[in-house]
Amino acid sequence: SVSHDLKAPLSSIQGLLNVARLDKNNNASVYYDRIEKSVDKLDNFIKDIIDFSKNSRLELKQEKINVRDLVEEVKEGLSYLNEKNKIKWLDEIPADVTIISDKSRLIFIVNNLITNAIRYADLTKKDPYVKITAKIEKGNFIFAVIDNGQGIEKQYHKKIFDMFYRANTYSTGSGLGLYIVKESVMKLGGEIEIQSELKLGTTITFTMSLQPK
Ligand SMILES: Nc1ncnc2c1ncn2[C@@H]1O[C@H](COP(=O)(O)OP(=O)(O)OP(=O)(O)O)[C@@H](O)[C@H]1O
Ligand SMILES: [Mg+2]
């Protein structure tokens with residue numbers, strides 16, 4: 001729940017600070033690492049809530065967007081994820097895919113899908129990859145993020161777009177990402193779909209009509 005996700009990392013930080021103060025040997029770095037983890041969790045959660053409020057509040061904009069540039073921009077912003085460099089990027093986005101849409105919502109969607117593909121990669125495989133594809137077909141914009149990561153069991157496919165849902169218990173996320181993605185996709189008049197198989201990988205496809213309604 002919201003209050004649990006806000007309070008749990010804070011209580012953990014308070015607890016760690018107390019233990020650190022009492023530690024005569026002063027193994028500071030151990031506490032720093034754990035405190036940092038809690039701070040990151042809280043930071044993530046607050047970002048999600050702000051994005052959610054923005055998505056419900058802000059009016060739809062119509063901006064010219066080059067999709068390849070937008071994806072590059074999003075990927076640059078994800079350099080803080082260490083796993084990013086362990087993944088092979090097999091993007092297929094022609095330079096001329098340009099659409100008129102709401103840039104900040106599109107960035108939110110793309111950012112979440114790519115972050116998930118990195119976070120839930122399977123680094124025990126010898127060739128972990130992520131492939132981002134984008135094309136315009138019959139007046140529809142079709143965007144997909146394809147990974148060969150951990151995958152999701154079929155029984156959970158419908159649930160991953162629910163609020164607070166996490167398919168793996170060790171996830172450090174708050175389970176809000178795909179919920180807000182779905183809300184944003186709806187605002188854009190699009191659809192989002194998942195194909196996934198446990199241990200094989202996941203494909204999330206976002207489709208949106210470019211025809212004026
Ligand atoms: N590409 C993927 N591969 C495997 N599992 C995924 C993938 N994308 C999402 N999931 C599963 O779906 C769950 C819900 O995803 P969602 O993005 O909503 O939440 P989160 O990543 O846990 O947290 P948040 O995005 O709020 O930081 C994840 O916890 C994960 O278990
Ligand atoms: Mg996520």
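The rules behind each value
Residues numbered from 1 in each chain as written. Chains lettered and ligands numbered in written order. Predicted model: local features only at pLDDT ≥ 70, side-chain atom pairs only at ≥ 80, totals over all residues. Heavy atoms only, no water. Near = heavy atom within 4 Å. Polar contact = N/O pair within 3.5 Å; in protein donor to acceptor, adjacent residues only side chain to side chain. Areas by Shrake-Rupley, 256 points an atom, 1.4 Å probe, with all protein chains shown as cover. Helix = DSSP H or I, 4+ residues; strand = E, 2+ residues; numbered from the N terminus. Nonpolar A, V, L, I, M, F, W, Y, C, P; charged D, E, K, R; others polar. Domains from an automatic or database assignment. Contact = heavy atoms within 4.5 Å. Buried < 20%, exposed > 50% of the residue type's maximum accessible area, 1.4 Å probe, protein only. Pairing = 2+ DSSP bridges. Axes fitted to C-alpha atoms, helices over the stretch in contact; angles between N-to-C directions. Parallel < 35°, antiparallel > 145°, perpendicular 65-115°, else oblique. Left-handed = near helix turned anticlockwise from the far one by under 90°.

Take the site of ligand 1 next. With respect to spatial proximity, 22 residues lie near ligand 1, and among them D48, N116, Y120, N168 and L178 are the closest. One of the side-chain nitrogen or oxygen atoms of N116 is found 2.9 Å away from an oxygen atom of ligand 1. Interatomic distance of 2.9 Å between a side-chain N/O atom of D147 and a nitrogen atom of ligand 1. Contact with the protein chains covers 97% of the free accessible surface of ligand 1, which is 600 Å². Among the elements that make up the shell around ligand 1, the one with the highest residue count is helix α4 (residues 103-119) (4 residues). Here the residues of the shell around ligand 1 sort into 8 nonpolar, 10 polar and 4 charged.

You can read the domains of the chain as domain 1 (1-57) and domain 2 (60-209). Its C-alpha centre places domain 1 at a distance of 26 Å from the equivalent point of domain 2. Of the residues lining the interface, 13 residues belong to domain 1; the matching set on domain 2 comes to 13 residues. Between the two partners, domain 1 and domain 2, sit 2 residue pairs in polar contact (both at pLDDT 80 or more). Within the residue set of the side of domain 1 that touches domain 2, elements represented by two or more residues are α1 (2-22) and α2 (28-57). Per-element tally for the side of domain 1 that touches domain 2: the top contributor is α2, with 10 residues. Here the side of domain 1 that touches domain 2 is composed, by residue class, of 4 nonpolar, 4 polar and 5 charged.

Going residue by residue along strand β6 (residues 191-197), you find I192, I194 and S196 tucked away on one face and E191, E193, Q195 and E197 left uncovered on the opposite face. With 7 bridges joining them, β6 and strand β7 (residues 201-209) adopt antiparallel strand pairing. Bridge pairing in β7 links I192 to F206.

With that out of the way, let us pick up the packing of α2 against helix α5 (residues 177-187). The angle between the axes and the distance between the axes are what describe a pair of packed helices. At a minimum axis separation of 10 Å, α2 and α5 run at an interaxial angle of 15 degrees. Considering the angle they form, α2 stands roughly parallel to α5. As α2 packs across α5, the resulting crossing turns out to be left-handed. Contact residues: α2 offers D48, D51, F52, N55 and S56, while α5 offers G177, Y179, I180, E183, S184 and K187. A breakdown of the residues in the contact of α2 with α5 according to their chemical character gives 3 nonpolar, 4 polar and 4 charged.

As a further point, take the sheet that holds strand β5 (residues 140-147). Read from one edge to the other, the open sheet built from 5 strands follows the order β2-β4-β5-β7-β6, with strand pairing classed as mixed. Strands at the two margins of the open sheet, each flanked by one partner only, are β2 (88-89) and β6. In this sheet, β7 lies alongside β5 in antiparallel orientation, the contact comprising 8 bridges. Each bridged residue has a counterpart across the sheet, and for I146 the counterpart in β7 is T203. Its contacts with the sheet place α4 against β2, β4 (129-137), β5, β6 and β7, and it is angled at close to 20 degrees to β5.

Attention now goes to the packing of helix α3 (residues 67-76) against α4. Running from N to C, α3 and α4 point in directions that differ by 55 degrees, and their axes come no closer than 10 Å. When the axes of α3 and α4 are compared, the pair comes out oblique. Every pair of crossing elements has a handedness; the one defined by α3 and α4 is right-handed. For the pair α3 and α4, contact is made by L70, V71, E73, V74 and K75 and by K103, L106, I107, V110, N111 and I114, respectively. Looking at the contact of α3 with α4, its residues break down into 7 nonpolar, 1 polar and 3 charged.

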